[in-house]
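Summary of structural features
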Amino acid sequence: MAKLMTTGLSALYDALRRAGYTVIGPTVRDGAIVLDELRSADDLPVGWGVTLAPGGYRVRRRDDQAAFGHSAGPQSWKPFLHQPRVKLWEADRVGDGFEVREERPEPPRYAFLGVRPCDLRAIEIQDRVLMGGRHTDSAYAARREGVFIVAVDCTEPGETCFCASMGTGPKSGPGYDLALTELIDDGSPRYVVEVGSEAGSAVLAEVPTEEADEDLQACARAEVAAAAEHMGREMPALGLRDLMAESLDYARWDEVASRCLSCGNCTMVCPTCFCTTVEDTTDLTGEHAERWQLWDSCFDLGFSHLHGGDVRSSPKSRYRQWLTHKLGTWHDQFGSSGCVGCGRCIVWCPVGIDLTEEVAALQAERDQRASGERGAP
Amino acid sequence: MDATRPTLAVWKFASCDGCQLTLLDCEDELLTLAGEVEIAHFLEASDEVAPGPYDVSLVEGSITTPDDAERIRHVREVSGTLITIGACATAGGVQALRNFADVREFASLVYASPEYVATLDTSTPISAHVRVDFELQGCPIDRRQLLEVLSAFLMGRKPNISQHPVCFECKRRGNVCVMVAHGTPCLGPITHAGCGAICPAYGRGCYGCFGPSPNWSDGRPNTRGLVPWLDMTPDETERVLSTFNVAAFREEDHELRQPDTRGTDDDPPE
């Protein structure tokens, strides 16, 4: 049964702190709405929105007091769970051998306040990638365990958003402890809350609420339904997997490779991209060695280095690898699309390459080929 | 101390000394380093020079004079492993601006008696003259990278020096992209990583002091793909690409390699 929070977000923030969580949420820093530790609910980006474009991001003032009136920022929740740099182990020389130490600092107990539906799905996908199957990423698992998630339905998608096409939003899917819908009235926004877990129920018990009546719930549903109609981008819902498999020799890949910088930004901001490399280092004395896991990218030339050379030496092969994996072979590997429609790869590409545009162009090329074949004698 | 420590020599060619001073800047690790190698030839630290040959040589600076073109051959002969450090040694440095102009004209403007200056028409990297075992980028080089290369040399392993663009380091560091979020021109997407994305971390665009990243295609970055998004005039673009690694940035792009004809008689009056 949905509830209405009768006080502002401070009560929820305080309840999370009392429950022992380190609260991470959106806040304005360096000309962007980033995710960072919140010292109080006052750190939330109240009255701030964003304007998004391919290769462009600007914060802007809103004429209301919305705390979640913004869409995807420069980075998802990925760095908190799947960290850019993780020390896997270190070793010291002892006599003729060496001694390995695997120290894992106790990770913070995080509460994520303000997880958008696209990012909620992305966390679920990374859970499957990094914890499913036989080999678990133990550093990820340790940080992921016990994370408290406050999802916030999306009521204002940006110009580069397409979660509705990917079926990941704007309504929060499963996986949250609490899910809010922000209703922007004339005064302070109101928050309708749904409970998704026992932990969520326990935290909400510490927050002043009342039953949300049917009118209010209908209002929340209408806000979210309206957001679905205002997506700035659209991705064809069906046939992407086939299109990716069929298009490997299309001319469009050469065209996009001439614009792509192979800078890796799309993969670094993608909430589902998970690839890492491993670096072994020794110090000057040779007495101490460390092994580090670092974020890597399929756009790195050396990423596909095998004995004899780089498998994907051309920028074309690397862009194609990324897109066909994300939208196509991800299904075969992990049972879903790897794209959640957050649009970050479009915004944070320094040269504004838009995957929805690339897919449309590949589709057009397929249609052209098909009509050419039909027209052939 | 072990008497069989490898010997280290540091050599200077046309340069500002900033890169070799990075060695002295390794404050916390300097004593450890001095314990692991015998610093046999390092004039910035001591005028006491032990005779060669040397197991490893760090070479700073570019080749700009006939004498230096000879001297680098000698350095190669007395060096086991030769590592070039910095933009001058790896790309010719800012003094390679002469490669695209008339150096005699420069000399006549600067020196009262330019006829006494024996200089070459070009400033060229060490690798244009002798075989180089490893090139470390930067203007100046990064202290951690220098220690990594020396540690790797001592262990006989490959150094962890990535050739991808600065963007990798920027994103790992959690910086907000200055180009996308602020509209600040940034050479990060085409520049060799290694600095740790210092400038973007302080809200500035990258100005390419680690030189072009070979990550995109055929050992080059996609400079022409980036330029239209820098929001700069052609003149501004040429200037930003004409600094410490001017020769390397021009080398990788034919269009940028065209001679500068502005201000000549061929130019129509405005």
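Residues numbered from 1 in each chain as written. Chains lettered and ligands numbered in written order. Predicted model: local features only at pLDDT ≥ 70, side-chain atom pairs only at ≥ 80, totals over all residues.

1. What to know about the overall build of chain B
Scanning chain B for helices and strands turns up 12 helices and 5 strands. At 20 Å, chain B has a C-alpha radius of gyration in line with the 18 Å of a compact globule built from 270 residues. Principal axes of the C-alpha set define a box for chain B whose edges measure 70 × 55 × 30 Å. Buried positions account for 44% of the 270 residues belonging to chain B. Long-range pairs, those at least 24 residues apart, make up 71% of the contacts in chain B between residues at least 6 apart in sequence. (Helix = DSSP H or I, 4+ residues; strand = E, 2+ residues; numbered from the N terminus. Rg over C-alpha atoms; globule rule 2.2 N^0.38 Å. Buried ≥ 20, exposed ≤ 12 C-beta atoms within 10 Å, placed from the backbone. Contact = placed C-beta atoms within 7 Å.)

2. Comments concerning the environment of B:Ile161
Residues and elements named next belong to chain B. With respect to the helices, strands and loops of the structure, isoleucine 161 is situated in the loop between helix H6 (143–155) and helix H7 (166–173). Counting along the chain gives 13 residues from isoleucine 161 to glutamate 148, while the straight-line C-alpha distance between them is 8.1 Å. For isoleucine 161, the residues in contact, after removing those within four places along its chain, are Gln145, Glu148, Val149 and Gly194.

3. Things to note about the domain arrangement of chain B
Residues and elements named next belong to chain B. Domain assignment breaks chain B into domain 1 (7–155) and domain 2 (166–257). Taking only C-alpha atoms, the centre of domain 1 and the centre of domain 2 are 24 Å apart. With 15 residues of domain 1 in contact, the opposing surface of domain 2 contributes 15 residues. In terms of residue count, the dominant contributor to the side of domain 1 that touches domain 2 is helix H4 (residues 87–91) (3 residues). Tallied by class, the residues present in the side of domain 1 that touches domain 2 amount to 7 nonpolar, 7 polar and 1 charged. (Domains from an automatic or database assignment. Nonpolar A, V, L, I, M, F, W, Y, C, P; charged D, E, K, R; others polar.)

4. Looking at the sheet that holds strand S14 (residues 288–295) of chain A
Neighbouring strands of a sheet are bound in pairs by backbone hydrogen bonds; such pairs are parallel or else antiparallel. Residue and element names in this part refer to chain A. In space, the 4 strands of this open sheet follow the order S7-S6-S14-S13, with antiparallel pairing throughout. If you trace the sheet from one side to the other, it starts and ends with strand S7 (97–101) and strand S13 (276–282), each paired once. Direction aside, the axes of adjacent strands within the sheet are offset by 20° on average. (Pairing = 2+ DSSP bridges. Axes fitted to C-alpha atoms, helices over the stretch in contact; angles between N-to-C directions.)

5. Topic: the interface of chain B and chain A
Counting residues at the interface gives 36 residues for chain B and 38 residues for chain A. If you list the elements that add at least two residues to the side of chain B that touches chain A, you get helix H2 (27–36), H6, H7, helix H8 (178–182) and helix H10 (223–226) of chain B. Ranked by residue count, the leading element in the side of chain B that touches chain A is H6(B), at 6 residues. For the side of chain B that touches chain A, the per-class residue count stands at 19 nonpolar, 11 polar and 6 charged.

6. A short note on the pairing of strand S5 (residues 56–61) of chain A
Residues and elements named next belong to chain A. Where strand S4 (residues 48–53) meets S5, 6 bridges bridge the pair, whose relative direction is antiparallel. Residue pairing across strands places tryptophan 48 opposite arginine 61, the latter belonging to S5. Two successive antiparallel strands, S4 and S5, enclose a turn made up of 2 residues, where glycine 55 displays a positive phi of approximately 70°.

7. With respect to the pairing of strand S3 (residues 54–60) of chain B
Consecutive residues of a regular strand have side chains that alternate between opposite faces of the sheet. All names here are of chain B. Extensive coverage of S3 is indicated by the burial of 6 of its 7 residues. When strand S1 (residues 7–12) meets S3, the two strands line up parallel, connected through 5 bridges. Looking across to S3, one finds that lysine 12 is bridged to glutamate 60. Inspection of the sheet shows S3 paired to strand S4 (residues 79–85) by 6 bridges, in the parallel sense. When the sheet's bridge partners are listed, valine 56 is paired in S4 with threonine 81.

8. Some words on helix H11 (residues 315–334) of chain A
The largest bend along H11(A) reaches roughly 55° and is located at A:His325. Inspection of H11(A) places A:Pro315, A:Arg318, A:Tyr319, A:Arg320, A:Trp322, A:Leu323, A:Thr324, A:Lys326, A:Leu327, A:Gly328 and A:Trp330 among the buried residues, and these make up the whole buried set. (Bend = angle between axes of the 7 residues up to and from the residue.)

9. Thoughts on the nonpolar core
Counting 160 residues, the largest nonpolar core has A:Phe112, A:Val150 and B:Val59 as the members making the most contacts within it. Other than its neighbours up to four places away in sequence, A:Phe112 contacts A:Ile24, A:Trp77, A:Val147, A:Ile149 and A:Val150. (Core = buried A, V, L, I, M, F, W, Y, C linked by C-beta atoms within 7 Å.)

10. Structural notes on H6(B)
Given a rise of 1.5 Å per residue, 13 residues ought to cover 18 Å, and the 18 Å separating the end C-alpha atoms of H6(B) matches this to within 8%. For H6(B), the set of buried residues is B:Gln145, B:Leu146, B:Leu147, B:Glu148, B:Val149, B:Leu150, B:Ser151, B:Phe153 and B:Leu154. Tucked into the core, H6(B) has its buried residues touching S13 of chain A together with helix H1 (18–24), H2, S3, S4 and strand S5 (134–136) of chain B. Backbone geometry just downstream of H6(B) places B:Gly156 in the positive-phi region, at approximately 70°. (Expected span 1.5 Å × (residues − 1).)

11. A short note on unusual backbone geometry
Cis geometry is found at the peptide bond from A:Gly169 to A:Pro170, where omega equals 5°. Inspection of the secondary structure assignment puts A:Pro170 in the loop between helix H5 (163–166) and strand S10 (178–183). B:Pro140 follows B:Cys139 through a cis peptide bond whose omega is 0°. By the secondary structure assignment, B:Pro140 is in the loop between S5 and H6.

12. Focus on the sheet that holds strand S2 (residues 38–41) of chain B
All names here are of chain B. Pairing is parallel in the open sheet, where 5 strands are placed in the order S2-S1-S3-S4-S5. Looking at which strands have only one partner, the edges of the open sheet turn out to be S2 and S5. In this sheet, adjacent strand axes meet at a mean angle of 25° when their direction is disregarded. Strands S3, S4 and S5 of the sheet are contacted by H6, whose axis makes an angle of about 160° with S5.

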